Amino acid sequence: MTEMAAEPEKDPTVQTRKTVRRGGGDPATRGRTTIADGVVEKIAGLAARDVVGVHAMGSGLARTFGVVRDRVPGGSKSVSRGVKAEVGEVQTALDLEIVVDYGVSIADVAHAVRENVIAAVERMTGLEVVEVNIAVSDVKLPEEEEEEPESRLQ
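Residues numbered from 1 in each chain as written. Predicted model: local features only at pLDDT ≥ 70, side-chain atom pairs only at ≥ 80, totals over all residues. Heavy atoms only, no water.

Taking an unreviewed UniProt entry as the reference, the protein is identified by name as Asp23/Gls24 family envelope stress response protein belonging to Streptomyces hyaluromycini. Of the comments in the UniProt record for the protein, the one headed Sequence similarities (unreviewed entry) reads "Belongs to the asp23 family." (UniProt positions renumbered as here; feature names shortened; annotations may be inferred.)

Set out below in structure tokens:
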């Protein structure tokens with residue numbers, strides 16, 4: 001009979017640390033990020049307003065309602081007025097309605113708006129902008145007053 005070396009007894013109170021491999025691979029593959037249409041609309045609206053020659057966003061009716069909404073206490077200026085976005089998982093498409101200042105080249109303003117909007121949306125969201133459709137709904141003439149409804153209160 002041969003004698004075997006006895007293994008040392010393990011203390012049950014001492015825990016051994018196992019090497020645990022935590023979530024291998026690219027962190028980008030560990031979950032989803034969704035971006036709401038309204039987020040893209042705000043980014044695009046602000047980027048479009050930054051372009052010289054863009055007087056306002058939205059149609060005349062939308063701007064009129066917006067002015068009223070802006071005057072209500074607690075109301076906030078809608079930066080997404082005149083912008084509609086369709087957002088998918090990796091792409092987005094935008095429709096913008098703008099009012100340009102009289103005397104500017106509409107083609108140049110539309111080109112600059114398209115470039116600025118695409119750059120801002122792609123940089124901030126990581127989405128690919130597949131199209132930016134621009135509708136010029138009005139021209140702001142120098143002698144026109146701003147559209148503000150008269151207040152009924154004095």
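From this point, things continue past the structure.
## Topic: helix α3 (residues 106-125)
For α3, built from 20 residues, the straight-helix expectation of 28 Å at 1.5 Å per residue is met to within 8% by its first-to-last C-alpha distance of 28 Å. Taken residue by residue, α3 has V109, A110, V113, V117, A120, V121 and T125 as its buried positions. The buried side chains of α3 occupy one side of the element, clustering within an arc of 110° when seen end-on. The outward face of α3, more than 90 degrees from its buried face, is lined by the exposed residues A107, D108 and R123. Structurally, α3 contributes buried residues whose contacts are with α1 (37-49), β1 (54-57), β3 (91-101) and β4 (128-140). (Helix = DSSP H or I, 4+ residues; strand = E, 2+ residues; numbered from the N terminus. Expected span 1.5 Å × (residues − 1). Buried < 20%, exposed > 50% of the residue type's maximum accessible area, 1.4 Å probe, protein only. Arc of directions from axis to C-beta. Contact = heavy atoms within 4.5 Å.)

## Quick word on the environment of K42
Counting through the fold element by element, K42 comes out in helix α1. In the structure, K42 is positioned 42 residues away from K84 in sequence and 9.6 Å away in space, judged by C-alpha atoms.

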